[in-house]
Amino acid sequence: PKKPDPGAALEIAKLSGIEPAEYLYLGDSGVDMQTATAAGMYAIGAAWGFREEPELRENGAKTVIYQPGELLKLI
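My aim in this report is to walk through the structure given alongside it, one point at a time. These numbers were taken from a predicted model, which means no experiment stands behind them. (Residues numbered from 1 in each chain as written. Predicted model: local features only at pLDDT ≥ 70, side-chain atom pairs only at ≥ 80, totals over all residues. Heavy atoms only, no water.)

Taken together, the side chains of L24, L72, L74 and I75 present a nonpolar region at the surface, about 410 Å² in accessible area. With respect to the element layout, I75 can be found in the segment after β3 (63-65). (Patch = residues over 30% accessible without salt bridge, like charges linked within 9 Å, V, L, I, M, F, W, Y side chains within 5 Å. Areas by Shrake-Rupley, 256 points an atom, 1.4 Å probe, with all protein chains shown as cover. Salt bridge = Lys/Arg side-chain N within 4 Å of Asp/Glu carboxyl O. Helix = DSSP H or I, 4+ residues; strand = E, 2+ residues; numbered from the N terminus.)

Within the element layout of this structure, G40 appears in the loop between α2 (30-39) and β2 (42-46). In sequence terms G40 and A9 are 31 residues apart; their C-alpha atoms lie 9.6 Å from each other. When residues no more than four places from it in sequence are discounted, the contact partners of G40 are P20 and A21. (Contact = heavy atoms within 4.5 Å.)

With that settled, the discussion passes to the sheet that holds β3. One open sheet accounts for three strands, arranged β1-β2-β3; its pairing is parallel. In this open sheet, the two strands that pair with only one neighbour each are β1 (24-27) and β3. Averaged over all pairs of adjacent strands, the angle between strand axes in this sheet comes to 30°, irrespective of strand direction. In the sheet, β2 pairs with β3 via three bridges, with the strands oriented parallel. Residue pairing across strands places I44 opposite T63, the latter belonging to β3. Each of β1 and β2 touches α2; the most contacted strand, β1, lies at about 165° to it. (Pairing = 2+ DSSP bridges. Axes fitted to C-alpha atoms, helices over the stretch in contact; angles between N-to-C directions.)

Moving on, we get to the nonpolar core. Residues A9, A13, Y23, Y25, M33, A36, A39, M41, A43, L56, A61 and V64 constitute the largest nonpolar core, which totals twelve residues. For this core, the secondary structure elements donating two or more residues are α1 (7-16) and α2. No other element matches α2, which puts three residues into this core. Aside from chain neighbours lying at most four places away, what touches A36 is Y25, M41 and A43. (Core = buried A, V, L, I, M, F, W, Y, C linked by side-chain atoms within 4.5 Å. Buried < 20%, exposed > 50% of the residue type's maximum accessible area, 1.4 Å probe, protein only.)

Our next topic: α2. For α2, the complete set of buried residues consists of G30, D32, M33, T35, A36 and A39. Residues of α2 that are buried in the fold lie against α1, β1, β2 and α3 (53-58). One or two residues past the end of α2 sits G40, with phi positive at roughly 80°.

All right, on to the pairing of β2 then. A regular strand carries its side chains on alternate faces of the sheet. For β2, the buried fraction is high: four of the five residues fall into the buried class. Two strands pair when backbone bridges link them, and β1 and β2 are joined in this way by four bridges, in the parallel orientation. Bridging across to β2, L26 finds its partner in I44. Handedness of the β-α-β unit built from β1, α2 and β2 comes out right-handed. Following the backbone out of β2, through α3 and into the adjacent parallel β3, one traces a crossover that is right-handed. (Right-handed = clockwise from strand over helix to strand, strands pointing away.)

Below is the structure:
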């Protein structure tokens, strides 16, 4: 199924043996944020990508970053 169905994200978590809650899900659209939330993952919005911060936050982004290097601070 297509996003925002969490099936693919959950399958990755299952195959890796890592709990979904331990994942940082980085995406650049509202659909990505919905997918992360549905999978129980930590949703991080990439403000330099496809959509802007308001859409990312409205769809569940817990954090929004503006440059890739900011991701390192969250690990």
